[in-house]
Amino acid sequence: MTTVSWSGEPGTSRGPGPFLSVRDLSVEFSTEDGVVHAVDGLSFDLEKGTTLGIVGESGSGKSVTNLAILGLHDPAHTQIGGEIWLEDRELITADRATMEKLRGDRVAMIFQDPLTALSPFHTIGRQIGEVYRKHRGASKKEARDRAVEMLRRVGIPQPEVRVDHYPHEFSGGMRQRAMIAMALVCDPDLLIADEPTTALDVTVQAQILDLLKDLQQQFGTSIILITHDLGVVANTADDVLVMYAGRAAERGTVREVLREPRHPYTWGLLSSMPRLNSSVDVPLKPVRGTPPSLLNPPSGCPFHPRCDYPRLAGPELCFGQRPDVSPETGHGDACYLTLEQKRELRTTQASDQTEAQIDARTEDGA
Amino acid sequence: MTSFLVRRILGALMILLIISAVTFYLFYAVPRDPARAFCGKICPPETLQLVRHNLGMDEPLFVQYWHWLVGIFAGRELVQFGDCPAPCLGYSFATQEPVFGAIVDRFPVTLSLTFGASIVILAFGIITGMIAAWKVGQPLDKIASASSVIGASLQIYFVGPLLAFYLVDTMQLIPRPSYVPVTEDPVGWFTHLLLPWVVLSIIFTANYTRMTRSQMVEQLAEDYVRTARAKGMSNRAVFFRFAWRGAMIPIVTIFGVDLATLLGGAIITEQTFTLHGIGELAVRAVQNNDLPMLLGVTIVGAAMIVILNIVVDVLYAFIDPRVRLT
């Protein structure tokens, strides 16, 4: 078990397809209270060199999905089903040694809070270098040189000096840059960024996102960007996956999903987001209710307790049967409303909003 | 670092000063008169007065304390016992031997006991805790956790004689515990102290097992450990290179305190195996109303604690780069 080939063993290989393909993924945690269905029947694809934004509330299964791709769940308490294909290799059934070789080398991850995600006990240089040593068999000297090079690449000033510093000696933005340097040290094919800008202030956020975009253009890395910020998605992603209660609510290109959102949950997300071009007096409309318990998910469509339209779509469907994402490719969503109904509802919503804006402006004028 | 050490050492001296003053005062607060005990059964008042004078006990309390304090650094002349060179902690009322000399004589016994027991404690405690953390929730973890509770509940004066009876008397595997100077006979030193080491460590080991286990489990759930896994680090690297580093800090802390306590005298173990260490000296000093000896032993014990506290703080800075010694 010393060599691991990427060509795949018999029975695990398959024909050419997308770079990353997640099929019917389910992740269940056994807890004292019962089984939590954190992800339930999720499918999506990611093409090489593109960015997929995964959006959803806390607890919608975004992070859980991506930890599953890396195989980072504790097997003692987790049941994972479905398939995750990275090119021609299935990752859920892959053994530990395979996954260890894959992590940090072909698939890398950056985390939300770079202060807690970096080891406080080791220098930045060592933390970057050890990935290179592990996967490329580099010497200490080579690993250090590589760490300096990576720090320079992510725009850290004086990398020769900074390489020997500890994470607590870095500012928040610098730490996230170091984290990115660490993730990219082996030129991974896939980078998973789990809310990489949430812990940073707004000006630094933009820098980090630009950095990710630049690096993607240079090295052709595919990126999964997990966020709850639709603004970040609009600026950075090519495709969007909106997740709700461990399932896909809507998927499509950024343009499709943000311009013509189809799922009532996506509407809710969009109308709860402040916009620069709308009047400050238009109240934000949050999605009412709270995310469902994943211990005991609602029957039928998981969004029905918070949805305004089950009556329109047919209660027996919404309450009784779980909707699948349709159509199977392209812009699709998991909702029983017909396309005409959605278009109509969107138009009324938009005019409501315009009216609210006009109202607000007249009040301003008065 | 230097300014840190200077400040900490000055602070430590202050603490020792306070401890000695409090001990000095408390000794006199107890309604027992060491001079009367010193004087003997039939003691005419004038003899008692003379004894008091000879022991320096006819002076005000703070003057006595001052003389005692000066004696440590400059030595002093005692009416009863004659010249006492620095560091002078006085003479024992009970045995008339110099206190400093008695402590120096006994120290190798206590040091040997502490040294061997510490190794057993750290080795067994940490290894068992590591195994429990590695196999958390599995049978091996449960066995390790259960045996640590049993160990913590045992008493030295119960386990000690029991093991001595079986291993020494019945099976004759090891010699009866006693102190053989390591410089004279290292093998004899080892075999004669083996049983006290093991018995003394039984109750301590359990603490380290539980501490190591819980700290490792906690550290393994940290974000930076997840990052290490996401980088492709093996389980072993994650365990020993990352999680262990964080788990060490609390272990170093309690080990510093335990070590100081042991160096101040392991009273029960010494009594159980009739080893003549510092602990035995302390017990006898209390029984004999022996102020100079009691003060001496107390100061040595307190000094161990403050010194090891400084050592622990310095160690923190080596383990955790975020700690600045200022």
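See above for the structure.
Below: a short report on this structure.

Rules behind the numbers
Residues numbered from 1 in each chain as written. Chains lettered and ligands numbered in written order. Predicted model: local features only at pLDDT ≥ 70, side-chain atom pairs only at ≥ 80, totals over all residues. Heavy atoms only, no water. Core = buried A, V, L, I, M, F, W, Y, C linked by side-chain atoms within 4.5 Å. Buried < 20%, exposed > 50% of the residue type's maximum accessible area, 1.4 Å probe, protein only. Helix = DSSP H or I, 4+ residues; strand = E, 2+ residues; numbered from the N terminus. Domains from an automatic or database assignment. Contact = heavy atoms within 4.5 Å. Disulfide = S-S within 2.5 Å. Pairing = 2+ DSSP bridges. Axes fitted to C-alpha atoms, helices over the stretch in contact; angles between N-to-C directions. Salt bridge = Lys/Arg side-chain N within 4 Å of Asp/Glu carboxyl O. Phe/Tyr/Trp six-rings, centres within 6.5 Å; stacked < 30°, edge-to-face > 60°. Lys NZ or Arg CZ within 6 Å of the ring centre and 35° of its normal.

### Digging into the nonpolar core
Ranked by size, the top nonpolar core spans 101 residues in total, and within it L20, F44, L190 and I224 of chain A carry the most contacts. Examining the composition of this core, we find that seven residues originate from one element, helix α7 (residues 172-184) of chain A, more than from any other. If you count residues domain by domain, this core takes at least three from each of domain 1 (115-185) and domain 2 (259-365) of chain A. Ignoring sequence-local partners within four residues, the contact set of L20 of chain A consists of F44, D45, L46, I69, I84, W85, L86, L190 and I224 of chain A. Counting residues in each nonpolar core, the second largest holds 73 residues, with L55, F93, A117 and L262 of chain B among its members.

### Focus on the state of the cysteines
Enumeration according to the criterion identifies one disulfide over all chains in this entry. With a sulfur-sulfur separation of 2.0 Å, C84 of chain B is cross-linked through a disulfide to C88 of chain B. Disulfide C84 of chain B-C88 of chain B: torsion about the S-S bond near 110°, hence right-handed. The same class applies to C84 of chain B as to C88 of chain B, namely buried. Sulfur of C307 of chain A: no disulfide; nearest cysteine sulfur belongs to C335 of chain A and is 6.1 Å away. Overall, C307 of chain A belongs to the buried group, its relative accessible area being 12%.

### So, the sheet that holds strand β3 (residues 51-55) of chain A
Residue and element names in this part refer to chain A. One open sheet accounts for seven strands, arranged β6-β7-β8-β3-β9-β10-β11; its pairing is mixed. The outermost strands of the open sheet, each flanked by one partner alone, are β6 (107-110) and β11 (332-333). The strands that helix α1 (residues 62-70) touches are β3, β6, β7 (190-194), β8 (222-227) and β9 (239-244); relative to β8, the one it contacts most, it runs at about 145°. Seen against the sheet, α7 touches β6 and β7 and runs at an angle of roughly 170° to β6.

### Quick notes on the sheet that holds strand β1 (residues 20-31) of chain A
Residue and element names in this part refer to chain A. Read from one edge of the open sheet, four strands run β2-β1-β4-β5, paired in antiparallel fashion. The open sheet has two edge strands, β2 (34-46) and β5 (89-90), and neither has a second partner. Relative to β5, strand β4 (residues 78-86) runs antiparallel, the two being bridged by two bridges. Paired with L86 across the strands is R89, a residue of β5.

### Some remarks on the pattern of salt bridges
All names here are of chain A. For the coordinates displayed, the defined rule picks out 28 salt bridges over all chains. R306 is the salt-bridge partner of E57, the closest N and O atoms lying 3.0 Å from each other. In this pair, E57 sits in the loop between β3 and α1 while R306 sits in the loop between α11 (264-271) and α12 (310-313), placing the two residues 249 residues apart along the sequence. Between E87 and R106 there is a salt bridge, and its shortest N-O distance comes to 2.7 Å. In this pair, E87 is assigned in the loop between β4 and β5 and R106 in the loop between α2 (96-102) and β6, connecting sequence segments 19 residues apart. In this structure R106 comes out as buried when scored by relative accessible area, which is 13%. Among the charged side chains, a network of salt bridges with common partners joins K48, E87, R106 and D189.

### Observations concerning the packing of aromatic side chains
Aromatic ring pairs are reported here in terms of the distance separating the ring centres and the angle at which the planes meet. This model, assessed by the stated rule, comprises 14 aromatic pairs over all chains. Where F121 of chain A meets Y224 of chain B, the ring centres are 6.0 Å apart and the plane angle is 85°; that geometry is what we call edge-to-face. Taken as a pair, F121 of chain A in the loop between α3 (114-117) and α4 (124-136) and Y224 of chain B in helix α9 (residues 223-230) lie in two separate chains rather than in one. The buried category is assigned to Y224 of chain B, whose relative accessible area is 4%. When the ring of W267 of chain A is compared with that of Y309 of chain A, the centres are 5.7 Å apart and the planes differ by 70°; the resulting orientation is edge-to-face. With a gap of 42 residues between them, W267 of chain A in helix α11 and Y309 of chain A in the loop between α11 and α12 connect regions that are remote in the sequence. The pair formed by W267 of chain A and Y309 of chain A is uniform in burial state, with each residue classed as buried. One aromatic cluster is present, formed by Y244, Y265 and F303 of chain A through successive ring pairs. A cation sits over an aromatic face here: K48 of chain A above F19 of chain A, 4.4 Å from the ring centre. A cation over a ring is seen here: R162 of chain A above F170 of chain A, with NZ or CZ 4.6 Å from the ring centre.

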